[in-house]
Amino acid sequence: MYKENKNQQGIEKLCFQKSKLRCGFARIFLFFVLTFMMSCVPASTVKVTGTLTAEAATSKTTVAKKANAIIKKTVKSSDSKLTQLKKLFKYAEKTWGYSRTYNFDSSVSGWTRTYAYSIMKNKKGSCYHFAAGFAYLARQALGSSSKYTVRVAVGQTKGFGYGLQSHAWVEIKINGTWYIFDPNMDKFAEDSSLTYYKKKRSSSAMKKVYNSYKNTKYFTVSYVKTS
């Protein structure tokens, strides 16, 4: 009887150890799943979309014409440039939804044009789509004036409350001063409160949110004359 009880205790101990091991693997798996899902937006909003590959990028003229069509419907020709920017920012927040992009690669030539056209057409995309889309809307609305420089920034943020995450936003230089415009962050982190509309890039608040712009890459967007 004692020997049987001892054997039974050994079996129970082994099962307990295996259970702990399985639990450990489950926790590790869950950690990686949550980490993967928490990029650019709260996980509750995630939908799946495709992957950008080294396919031919959307042409400059194609994306510019698409942007111009949206601008024509959204702003008035009599609006000031800053009023146009605000209207287009609100348009992006209200109209575009979120869907995830896997394996984003900023080294793919023309990715900003491809992503911009995609979100303008399909009305959904990742933070990279939001940034590219708004950048092209802003650039076309501002025209060819050298008073403005528009670029897409790809770096990291703490703005969603999950620690550092990969993210993309827009920076616009207006009369020599850089400002941040981030419709994706403003919509999903701040409930479209214009918290991330036209904020000075040099401010301590923005530096904190965007990890002091460490390892950030920039992609300048140029105005395209379509007629």
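Everything discussed here concerns the structure shown above.
A brief look at the structure comes next. (Residues numbered from 1 in each chain as written. Predicted model: local features only at pLDDT ≥ 70, side-chain atom pairs only at ≥ 80, totals over all residues. Heavy atoms only, no water.)

### Some thoughts on helix 6 (residues 183–190)
To keep it simple, the criterion reads: Working definition: with a 1.4 Å probe on protein chains only, accessible area under 20% of the residue-type maximum means buried, over 50% means exposed, and in between means partly exposed. In DSSP terms, a helix is any run of H or I states spanning at least four residues, a strand is any run of E spanning at least two, and both are numbered starting from the N terminus.
P183, N184, M185, D186 and F188 are the residues of helix 6 that are buried. Remark: D191 follows helix 6 within two positions and exhibits a positive phi of approximately 55°.

### Notes on the environment of W169
Here is the rule: Every residue pair with non-hydrogen atoms within 4.5 Å of one another is taken to be in contact. By the criterion applied in these results, polar contacts are pairs of N or O atoms within 3.5 Å in which, for protein atoms, one can donate a hydrogen and the other can accept it, and in which residues neighboring in sequence qualify only through two side-chain atoms.
With respect to the helices and strands, the residue W169 is situated in strand 4 (residues 165–174). It is 4.8 Å that separates the C-alpha atoms of W169 and A131, two residues lying 38 residues apart in sequence. For W169, the residues in contact, after removing those within four places along its chain, are A131, R151, V152, A153, G155, Q156, I180, F181, D182, Y210, Y213 and T216. At a separation of 2.9 Å, a polar atom in the side chain of W169 contacts the side chain of E171.

### Overview of the packing of aromatic side chains
Condition: A pair of Phe, Tyr and Trp rings is counted when the ring centres sit within 6.5 Å of each other, with Trp represented by its six-membered ring. The angle between the planes then sorts it: under 30 degrees is stacked, over 60 is edge-to-face, the rest tilted. In this scheme, Lys NZ or Arg CZ marks a charge over a ring once it lies within 6 Å of the ring centre and within 35 degrees of the ring normal.
Enumeration according to the criterion identifies 16 aromatic pairs in this entry. An aromatic cluster is defined as three or more aromatic residues linked by ring pairs; in this entry it consists of Y91, W96, Y98, F130 and F188. Over the face of the ring belonging to Y218 we find R151, whose NZ or CZ atom lies 4.0 Å from the ring centre. In this arrangement the basic side chain of K198 is found over the ring face of Y179, its NZ or CZ atom lying 4.2 Å from the centre.

### Structural notes on the sheet that holds strand 7 (residues 217–221)
Across a sheet, paired strands are connected by hydrogen bonds in the backbone, their directions being either parallel or antiparallel. Convention followed: Each pair of strands is called paired provided DSSP finds at least two bridges between the two strands.
Read from one edge to the other, the open sheet built from 5 strands follows the order 6-5-4-3-7, with strand pairing classed as antiparallel. The sheet terminates laterally at strand 6 (199–200) and strand 7, the two strands that pair on one side only. The pairing of strand 3 (residues 148–157) with strand 4 spans 10 bridges and is antiparallel. By the bridge assignment for strand 4, V150 is matched with I172.

### Points about the nonpolar core
Worth spelling out the cut-off: Only buried residues count toward a nonpolar core. Its members are Ala, Val, Leu, Ile, Met, Phe, Trp, Tyr and Cys residues joined through side-chain atoms within 4.5 Å.
L85, M120, F134, L137, I172, F181 and Y210 are the most contacted members of the largest nonpolar core, which has 52 residues in total. A per-element tally of this core places helix 5 (residues 127–142) first, with 12 residues. Beyond its immediate sequence surroundings of up to four residues, L137 is in contact with A67, I70, I71, L88, Y91, W96 and M120.

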